[in-house]
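# What the coordinates show
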Amino acid sequence: QVRLAARGLVKRFGATVALDGVDLDLADGESLAVMGPSGSGKSTLLHCLAGILAPDQGGVALRGRDVSSGSDRERSLLRRRHYGFVFQFGQLLSELPAVENVALPAMLLGTSRREATERARQWLASLGLAGMEGRRPGELSGGQAQRVAVARALITGPDVVFADEPTGALDQATGADVMRVLTEATRAAGASLVVVTHDESVAAWCSRRLVIVDGREVRGPLAGAR
Ligand code: ADP
Ligand code: ADP
């Protein structure tokens with residue numbers, strides 16, 4: 001089943017054409033690595049797929065329902081309900097302990113503090129962070145902080161998790177550990193996954209890849225060599 005579909009996405013910033021007609025089908029449970037050189041449009045694609053940016057042309061559908069042409073408010077609600085996000089760094093609230101960072105998205109959807117906190121504890125424990133619930137992000141290693149970010153992305157039971165360079169601030173071994181946790185936990189939660197990365201070893205954790213250069217998909221044998 002196609003979960004997320006994009007057709008003919010075009011996005012310009014002034015004279016810059018960041019996306020120049022990208023099509024994409026993301027199946028249930030599939031993990032997709034979006035690859036390509038710096039400035040090729042990877043982040044813009046992720047932002048359009050996730051409804052953070054509205055494309056100038058084309059559209060995005062979640063389970064067949066158009067999700068790219070709503071108002072900012074509608075797209076914001078859609079993101080909270082249906083998507084989870086993992087970014088490179090700085091995405092956790094530094095004043096809040098790990099458990100509250102994880103509980104927050106559930107509370108924003110109306111779950112009580114008590115229940116959200118209990119679910120957050122369970123998520124942290126299942127990702128190997130039992131005993132660290134009370135630590136603030138600054139008191140965690142980079143790999144631990146990204147596990148907290150994975151728990152936060154999954155607590156709402158999203159349809160799709162979007163990750164933008166999730167290992168960008170980590171060394172190779174820690175990055176591999178975070179990718180293992182991200183792909184396994186996302187799959188177990190029944191979510192599909194889109195990972196933006198320029199790192200071949202990160203893309204290797206995903207079931208499929210999309211290579212874009214100058215805002216267009218590149219297919220064929222050269223795509224893998226980029
Ligand atoms: P990547 O993620 O592959 O590095 P981006 O999607 O960030 O590429 O950027 C694609 C192109 O669009 C680049 O030329 C970038 O400078 C430009 N761009 C991205 N976002 C903006 C923006 N908000 N305003 C102006 N130009 C932008
Ligand atoms: P990435 O490293 O993921 O490609 P960038 O560092 O290029 O991201 O961009 C970070 C943020 O700045 C993004 O939200 C992107 O849309 C925006 N951005 C990128 N290029 C430009 C630009 N030329 N002008 C304004 N904003 C930009």
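These lines cover the structure that appears in this document, whether it is placed above or below. Keep in mind the model is a prediction, meaning the values are calculated, not measured. (Residues numbered from 1 in each chain as written. Chains lettered and ligands numbered in written order. Predicted model: local features only at pLDDT ≥ 70, side-chain atom pairs only at ≥ 80, totals over all residues. Heavy atoms only, no water.)

## Quick look at the side chain of Arg 147
Formally: Numbering goes from the N terminus for both helices and strands, where a helix is a DSSP run of H or I of at least four residues and a strand is a run of E of at least two. Burial classes: relative accessible area under 20% of the type maximum marks a residue as buried, over 50% as exposed, and values in between as partly exposed (1.4 Å probe, protein chains only). In protein, a polar contact means a hydrogen-donor-capable atom and an acceptor-capable atom, both N or O and within 3.5 Å, with residues adjacent in sequence counting only if both atoms are side-chain atoms; elsewhere, any N or O pair within 3.5 Å suffices. We call two residues contacting when some pair of their heavy atoms lies within 4.5 Å.
The topology assignment puts Arg 147 in helix α5 (residues 142-154). The class of Arg 147 is buried, set by a relative accessible area of 14%. Of the polar contacts made by the side chain of Arg 147, one reaches the backbone oxygen of Leu 127; its length is 2.6 Å. Setting aside residues no more than four positions away along its own chain, Arg 147 makes contact with Leu 127, Gly 128, Leu 129, Asp 177, Arg 180 and Val 181.

## A short note on the site of ligand 1
To be explicit about the condition: The cutoff for a nearby residue is simple: one of its non-hydrogen atoms must lie within 4 Å of the molecule or strand. Under the convention used here, a 1.4 Å probe and the Shrake-Rupley method define accessible areas, while residue burial counts only the protein chains that appear. Three classes are used, and their members are as follows: Ala, Val, Leu, Ile, Met, Phe, Trp, Tyr, Cys and Pro are nonpolar, Asp, Glu, Lys and Arg are charged, and the others, Gly among them, are polar.
Looking at ligand 1, the residues that line it are Phe 13, Thr 16, Ala 18, Pro 37, Ser 38, Gly 39, Ser 40, Gly 41, Lys 42, Ser 43 and Thr 44. At a separation of 2.9 Å, an oxygen atom of ligand 1 approaches a polar side-chain atom of Lys 42. Take Ser 43: an N or O atom from its main chain is 2.8 Å from an oxygen atom of ligand 1. Protein chains shield 56% of the accessible area of ligand 1, which is 560 Å² for the free molecule. Counting only elements with at least two residues in the shell around ligand 1, the list comes to β2 (16-27) and α1 (42-49). Tallying contributions element by element places α1 first for the shell around ligand 1, with three residues. Each residue belonging to the shell around ligand 1 can be placed in one class, and the counts come to three nonpolar, seven polar and one charged.

## Describing α1
Of all eight residues that make up α1, six are buried, and the element is covered over most of its length. Buried within α1 are the following residues: Lys 42, Thr 44, Leu 45, Leu 46, Cys 48 and Leu 49.

## Quick word on the packing of aromatic side chains
Aromatic ring pairs are described here by two measures, namely the spacing of the ring centres and the angle between the planes. Put simply, the rule is: When two rings of Phe, Tyr or Trp (its six-membered ring) have centres within 6.5 Å they constitute a pair, described as stacked for plane angles under 30 degrees, edge-to-face for angles over 60, and tilted for the intermediate range.
Tallying each qualifying case throughout the model produces four aromatic pairs. Here the aromatic rings of Phe 85 and Phe 87 are separated by 5.8 Å at their centres, their planes lie at 15°, and the arrangement is stacked. For Phe 87, a relative accessible area of 26% puts it in the partly exposed group. Between Phe 85 and Phe 162 the ring centres are 5.7 Å apart and the planes differ by 20°, which places this aromatic pair in the stacked class. Within this pair, whereas Phe 85 is found in strand β6 (residues 83-86), its partner Phe 162 is found in strand β7 (residues 160-164), the two being separated by 77 residues in sequence. We note that Phe 85, like Phe 162, is buried. Ring-pair connections join several aromatic residues into one group, and the members of that group are Tyr 83, Phe 85, Phe 87 and Phe 162.

## Focus on the sheet that holds strand β10 (residues 216-218)
Inclusion rule: Paired strands are those between which DSSP finds at least two bridges. Geometry is summarised by axes, namely lines fitted to C-alpha atoms with helices restricted to the contacting stretch, and by angles between N-to-C directions that run from 0 to 180 degrees.
Taken together, the six strands give an open sheet; going across it, the order is β6-β7-β8-β3-β9-β10, and neighbouring strands pair in mixed fashion. Strands with a single pairing partner mark the edges of an open sheet, and in this sheet they are β6 and β10. Ignoring strand direction, the axes of neighbouring strands in this sheet form an average angle of 25°. Relative to strand β8 (residues 192-196), β7 runs parallel, the two sharing five bridges.

## So, the packing of helix α3 (residues 98-108) against α5
Inclusion rule: Convention used here: angles under 35 degrees read as roughly parallel, angles over 145 as roughly antiparallel, angles from 65 to 115 as roughly perpendicular, and any remaining angle as oblique. By convention, the crossing between two helices is left-handed when the near helix turns anticlockwise from the far helix through less than a right angle, and right-handed when the turn is clockwise.
Look at α3 against α5: their axes get within 7 Å of each other, and the N-to-C directions meet at 25°. As far as their axial angle goes, α5 and α3 are roughly parallel. The way α3 lies across α5 gives a crossing that is right-handed. Here α3 contributes Ala 98, Asn 101, Val 102 and Pro 105 to the contact with α5, which in turn contributes Val 148, Ala 151 and Arg 152. Here the contact of α3 with α5 is composed, by residue class, of five nonpolar, one polar and one charged.

## With respect to the site of ligand 2
In the vicinity of ligand 2, the residues found are Ser 43, His 47 and Asp 164. Side-chain polar atom of Ser 43 to an oxygen atom of ligand 2: 2.7 Å apart, as the coordinates give it. Protein contact buries 21% of the 540 Å² of open area that ligand 2 shows by itself.

## With respect to unusual backbone geometry
Positive phi values are uncommon outside glycine, yet Arg 63 reaches one of about 50°. Inspection of the secondary structure assignment puts Arg 63 in the loop between β4 (57-62) and β5 (65-66). Residue Arg 63 is classed as partly exposed on the basis of its relative accessible area of 48%. With a phi angle near 45°, Glu 165 is a residue other than glycine that sits in the positive phi range. With respect to the helices, strands and loops of the structure, Glu 165 is situated in the loop between β7 and α6 (172-188).

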